[in-house]
Amino acid sequence: MKIRILLFSWVILCGKQVMSQNSLSLMPFPQKLEQFQGTIAISKNSTVKYIGKRTELIDHAIERFVNRANQLSAVKLKPINTQQSALIQIQKVSKEILGINNAEAYSIQIDTTIRIEAISDIGILYALETLNQLEQRNSIGIQFPKLKIIDWPTYSWRGMMVDVARHFIPMDVMKRNVDAMAAVKYNTLHIHIADDEGFRIESKQYPKLYLNGSNGKYYTQKEMIDFVQYCKERGIEVYAEFDLPGHSQSWFAGYPSLAAEKKNYQPGPRFKIEGDKPVNLMSLMQMMNTTATPTMDVSMEETYQFLDNLSKEMKPLFSKSFMHMGLDENNGVAWKNNPSIEKFMKDKGFQSTHELQNYFAERFSKIIEKNGMIPMAWEESFHKGLNKNIVIQVWKPSLMGPTISIDTITNNGNKVIASRGFYLDVFMPAYYHYLNADFIKVNSNNQFLGGEAAIWTELVDEHNFERRVWPRAAVIAERLWSSSTLQDVDDMYTRLNNINDYLDRIGLKHISNNKNQDIKEVLSVITPLKGYKKIMALMTKPTSSQTSTFLQISDTIPVDANAKWIFRADVKKYLQDPSFENANNIKEQLAQWKSLHSKTLSIIELNSIRKHIENLSAISEGVLSYLETRDESLKTKLLQKINASKLPQAETDLAILDEMEAIITGKLKNLDLSVPMF
């Protein structure tokens, strides 16, 4: 996570579609969709046929589609290769026939048969993923709505950055994540594979990188090659990030001669807080600014030979011809403390460590280019005169202070991808990513490629990874694929709930398997603290007491409280039309919440958020009374109670307080798009 810069930064109308999105729960929503009356069912004799020259990608895509369909129904869909007609017919066509000049475009026509057309193999893959989402299950089997879709992505780069260095993510979890990515049409996986805490890939040329720098948790080259093939079959290309010249402590555990400060190293966090008490934020800021953090010695020619050899070795393991250099969060102190580096700077005429960093960026990027790849770097690396072949990844939101504009970067000749507003580890609800103003306002041009969702893993491990990423990542996938005019939050949440269930059906393990209905009901209105509060709380703790497992309620609950959005929709209906039916929907939910405190008193695992449950029950009881009496004195007391209930408990918030307040005041507050820092 980009913390250092954040600390220094501290001192709608939905577009028109051919049909309403409410009709179908697709995500990403297609560019053009027209729905007709009726459905078409899969019968016991239904078949799938590809017309044309078959490829491995198409074969795998059809196989996955058929397997998913057959898992849902006793009526089995069957692929055929004969001349006979089929219920589902798939073929590639020219861009002139399809009418869309985009290699990823496709069309689906469902009437008496299902016909898929696409310009490329990847377009067929996307069409089949859409068709899987269109399946409607019933007691008999599967049916599809009659419709016509013409679809293509708005942006060509639709990625997800996964940090496997801070906490290692095993291959089975990574593969489930890739299946989910494919389902919502991501096409790029960026693996942050090396950082202070771990070097997570086998190197045969420099084995001490992973043997000494991974604590035994790493991917073998064979595992990575197999995984990259798994991704490729699902339309996803993979590239790696080796974050330098800082973020490199794990490198020095095996090769300390590469470090600017010559000493013994072990993989672990860059900053160590001694003692047994947390530090304040100002102390943390000072530490980040003045501590000689593990940093590569970029004055030695041996460093560049090492990076040249490693880059050559790593290139064949990944499928996307890019390599991310990092180039972020280096305070330069370790360089200043090294006399030989100081002399090197003087000899080169460098006035600051920023210029030395720029020198490293130029040297490393040229090595990557020489070895047949395109270099990438985080936005902190950008400066006028930067190698124009480096793709810049912007991440810092405008609300956190001055940023480098995308226009500034593209005007310098560099291509850009955006992660601003797409950080999944910041605990912001899905609507924040969906209404991402930093992204929606960007004017699309050839230099602006698209974006990446990002999940940093300081507060994530293999046990809560899927719950932290999904289903919110589907919303970012839609933002990267669909029209920017889609900004209807209520409709988005309706579709997201269905996609959430769909992702569960295809194998993602992000939905709690807790069987206790009362626990589920409580947790459906509780969320982790928004913004950077949780990570700041972790970073200011003594290093010895920083947790390495994430088993608390705030670690395991979804970032979006599902019940909040259902309740919010009911409250909106009630405020627009306080009919008996709409009022009764509100009252039924309040009655359930009113009883939760007494029903859950014996459940020990809820003790840390007991105050939330007490407040929820008390407020629900009060609002029920107010709806009957309209007592003004009760209204005043309730508003005071609601305000007092905003106090966090065990790093969690009670998520439905704005909706409770709206029932009393008659006005629902706008969604909050601010990101709490501390």
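Cut-off values and rules
Residues numbered from 1 in each chain as written. Predicted model: local features only at pLDDT ≥ 70, side-chain atom pairs only at ≥ 80, totals over all residues. Heavy atoms only, no water. Helix = DSSP H or I, 4+ residues; strand = E, 2+ residues; numbered from the N terminus. Rg over C-alpha atoms; globule rule 2.2 N^0.38 Å. Buried < 20%, exposed > 50% of the residue type's maximum accessible area, 1.4 Å probe, protein only. Areas by Shrake-Rupley, 256 points an atom, 1.4 Å probe, with all protein chains shown as cover. Lys, Arg positive; Asp, Glu negative; His and termini not counted. Charge placed at Lys NZ, Arg CZ, Asp CG, Glu CD. Phe/Tyr/Trp six-rings, centres within 6.5 Å; stacked < 30°, edge-to-face > 60°. Lys NZ or Arg CZ within 6 Å of the ring centre and 35° of its normal. Salt bridge = Lys/Arg side-chain N within 4 Å of Asp/Glu carboxyl O. Contact = heavy atoms within 4.5 Å. Expected span 1.5 Å × (residues − 1). Axes fitted to C-alpha atoms, helices over the stretch in contact; angles between N-to-C directions. Parallel < 35°, antiparallel > 145°, perpendicular 65-115°, else oblique. Left-handed = near helix turned anticlockwise from the far one by under 90°. Nonpolar A, V, L, I, M, F, W, Y, C, P; charged D, E, K, R; others polar. Arc of directions from axis to C-beta.

Asks: Quick question: what am I supposed to make of the overall build of the protein chain here?
Replies: A count of helices and strands for the protein chain gives 28 helices and 19 strands. A globule of 678 residues ought to have a C-alpha radius of gyration of about 26 Å, and the protein chain, at 27 Å, matches this closely. By principal-axis analysis of the C-alpha atoms, the protein chain measures approximately 80 × 75 × 45 Å. A burial count over the protein chain gives 59% of its 678 residues as buried. Accessible surface computed for the protein chain: about 27500 Å², of which carbon and sulfur atoms make up 50%. Both charge centroids of the protein chain, one from 80 positive and one from 76 negative side chains, sit 2 Å from each other.

Asks: Whenever I open this one, the packing of aromatic side chains confuses me. Can you help?
Replies: For any pair of aromatic rings, the description rests on two quantities: the centre-to-centre distance and the angle between the ring planes. Using the criterion set out here, one finds 30 aromatic pairs in the structure. With a centroid separation of 3.8 Å and an interplanar angle of 20°, the aromatic rings of Y206 and F306 are classed as stacked. Of the two residues, Y206 is situated in the loop between strand 11 (198-199) and helix 6 (208-213) and F306 in helix 10 (residues 301-314); the sequence distance between them amounts to 100 residues. You can call Y206 buried: its relative accessible area is 13%. By relative accessible area, which is 6% here, F306 ends up buried. The rings of F199, Y206, F242, W251, Y255 and F306 are connected pair by pair, giving a single aromatic cluster. The cationic tip of K564 hangs over the ring face of W565; the distance from NZ or CZ to the ring centre is 5.4 Å.

Asks: Looking at this structure, I do not really get the pattern of salt bridges. What am I missing?
Replies: In the structure shown here, the tally under the stated rule is 38 salt bridges. Between E202 and K204 there is a salt bridge; the shortest N-O distance is 3.2 Å. Residue classification places K204 among the exposed positions, given a relative accessible area of 59%. Where E628 meets K587, a salt bridge forms, and the shortest distance between an N and an O atom there is 3.0 Å. Linking E628 in helix 26 (residues 610-629) with K587 in helix 24 (residues 580-594), this pair joins segments that are 41 residues apart in sequence. If you follow the salt bridges from partner to partner, you end up with D163, R166, D195, E197 and E458 in one network.

Asks: I would appreciate a short explanation of the environment of S484 in the present structure.
Replies: Looking at the element boundaries, S484 is found in the loop between helix 18 (472-481) and helix 19 (489-505). Residue S484 is classed as partly exposed on the basis of its relative accessible area, which comes to 34%. When the C-alpha atoms of S484 and D121 are compared, they prove to be 26 Å apart, with 363 residues separating the residues in sequence. Ignoring anything within four residues of it in the chain, the contact list for S484 reads I440 and R479.

Asks: Honestly, the side chain of R68 in this entry has me stumped. Any pointers?
Replies: By the element assignment, R68 lies in helix 2 (residues 56-71). For R68, the contacting residues outside a window of four places in its chain are E129, N132, D179, Y502 and I506.

Asks: Could you clarify how one ought to interpret helix 10 in this entry?
Replies: Every α-helical turn comprises 3.6 residues, leaving residues that sit three or four positions apart pointing alike. The terminal C-alpha atoms of helix 10 lie 20 Å apart, and with 14 residues this matches the ideal 20 Å at 1.5 Å per residue to within 8%. Counting buried residues along helix 10, 10 of its 14 residues qualify, which places the element largely inside the surrounding structure. Burial in helix 10 covers these residues: T303, Y304, F306, L307, D308, N309, L310, S311, E313 and M314.

Asks: What is the right way to read the packing of helix 26 against helix 28 (residues 657-665) from this model?
Replies: Each packed pair of helices is defined by two parameters, the angle between the axes and the distance between the axes. Between helix 26 and helix 28, the shortest axis-to-axis distance is 10 Å and the interhelical angle comes to 15°. In this view, helix 26 runs roughly parallel relative to helix 28, as classed from their interaxial angle. The two elements helix 26 and helix 28 cross, and the hand of that crossing is left-handed. Here L616, I619, S620, V623, Y626 and L627 of helix 26 lie close against helix 28, whose contacting residues are L657, M660, I663 and I664. Residue composition of the contact of helix 26 with helix 28, by class: nine nonpolar, one polar and no charged.

Asks: Is there a simple way to explain the packing of helix 5 (residues 171-183) against helix 7 (residues 221-232) in this structure?
Replies: Contact pair helix 5 / helix 7: the axes reach a minimum separation of 10 Å and the direction vectors enclose 15°. Classed by the angle they form, the pair helix 5 and helix 7 counts as roughly parallel. Where helix 5 crosses over helix 7, the handedness of that crossing is right-handed. When helix 5 is examined against helix 7, the residues M171, M174, K175, V178 and D179 are found in contact with a partner set consisting of E223, M224, F227, Y230 and C231. Across the contact of helix 5 with helix 7, the residue classes break down as seven nonpolar, no polar and three charged.

Asks: In this structure, what is going on with helix 24? I would like to understand it.
Replies: The end-to-end C-alpha distance of helix 24 is 20 Å, a good match for the 21 Å that 15 residues give at a rise of 1.5 Å each. Of all the residues in helix 24, the buried ones are N582, A583, I586, L590 and W593. One side of helix 24 carries all its buried residues, which in axial view fall inside an arc of 95°. For helix 24, the exposed residues lying more than 90 degrees away from the buried face are F580 and E581. For helix 24, the elements touching its buried residues are helix 20 (517-523), helix 23 (562-576), helix 25 (596-599), helix 26 and helix 28.

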